Amino acid sequence: MSSEYTILRVRVTARDPDTLRALLREARPDVGGRVRQAEDGSCTIDAYVTPEEAEALERDGVTVHIVEDATAVGRARQAEVGEGDRFAPEDEVPQGLALKVKDT
């Protein structure tokens, strides 16, 4: 897996809000959603990072769990999209700067 174009969605869990705040201030990952706090005081947030950044987030009091490869999910969703304008009338004449080619 080439990490050059790979973005992972990870779940970052810190033992307390102060630890999470310090991590976010230092690493500044691209976070998604809001912080969830468990009954034991630990805090969890999702982040979008490269594999190298995911490794760098782990430290004392912080765990990182890989949820999914967001790049692969995005590419799969893009493959679902068709080509052309499905709302255009079938007899529509193309417009724009191009040469008109006649069928032979």
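Everything numeric here is computed off the predicted structure, so don't read it as measured data.

Asks: Even after reading the chapter, I still don't get the overall build of the protein, so can you show me in this structure?
Replies: The number of helices and strands found in the protein is three helices and four strands. Walking the protein from its N terminus toward its C terminus, one meets helices and strands in the order β-α-β-β-α-β-α. Taken over the C-alpha atoms alone, the protein extends approximately 75 × 30 × 20 Å along its principal axes. Classification of the 104 residues of the protein by burial places 24% in the buried group. Here the analysis covers contacts within the protein between residues at least 6 apart in sequence; of these, 71% occur between residues at least 24 apart. Of the roughly 8,500 Å² that the protein leaves accessible, carbon and sulfur atoms contribute 49%. Mean positive and mean negative side-chain charge positions of the protein (14 and 22 charges, respectively) differ by 4 Å.

Asks: How should the nonpolar core be read in this particular structure?
Replies: The tendency in soluble globular proteins is for nonpolar side chains to be buried as a group. Grouped together as the largest cluster of nonpolar side chains are 14 residues, with contacts concentrated most on V10, V12, L20 and V64. Contributing elements (two or more residues each) for this core: β1 (8-14), α1 (17-27), β3 (43-49), α2 (51-57) and β4 (62-69).

Asks: What is the right way to look at the sheet that holds β3 in this model?
Replies: What links the strands of a sheet is backbone hydrogen bonding, and the strands pair in either a parallel or an antiparallel sense. Ordered in space as β2-β3-β1-β4, the four strands form an open sheet in which the pairing is antiparallel. Each of the sheet's edge strands pairs with one partner strand only, and the pair in question is β2 (30-37) and β4. On average, each strand axis in the sheet is inclined to that of its neighbour by 20 degrees, with strand direction left out of account. As judged from the seven bridges shared by β1 and β3, these two strands associate in the antiparallel manner. From the neighbouring strand, L8 faces β3, where its bridge partner is V49.

How each quantity is defined
Residues numbered from 1 in each chain as written. Predicted model: local features only at pLDDT ≥ 70, side-chain atom pairs only at ≥ 80, totals over all residues. Heavy atoms only, no water. Helix = DSSP H or I, 4+ residues; strand = E, 2+ residues; numbered from the N terminus. Buried < 20%, exposed > 50% of the residue type's maximum accessible area, 1.4 Å probe, protein only. Contact = heavy atoms within 4.5 Å. Areas by Shrake-Rupley, 256 points an atom, 1.4 Å probe, with all protein chains shown as cover. Lys, Arg positive; Asp, Glu negative; His and termini not counted. Charge placed at Lys NZ, Arg CZ, Asp CG, Glu CD. Core = buried A, V, L, I, M, F, W, Y, C linked by side-chain atoms within 4.5 Å. Pairing = 2+ DSSP bridges. Axes fitted to C-alpha atoms, helices over the stretch in contact; angles between N-to-C directions.

Geometric descriptors of this kind do not, in isolation, establish any biological role.
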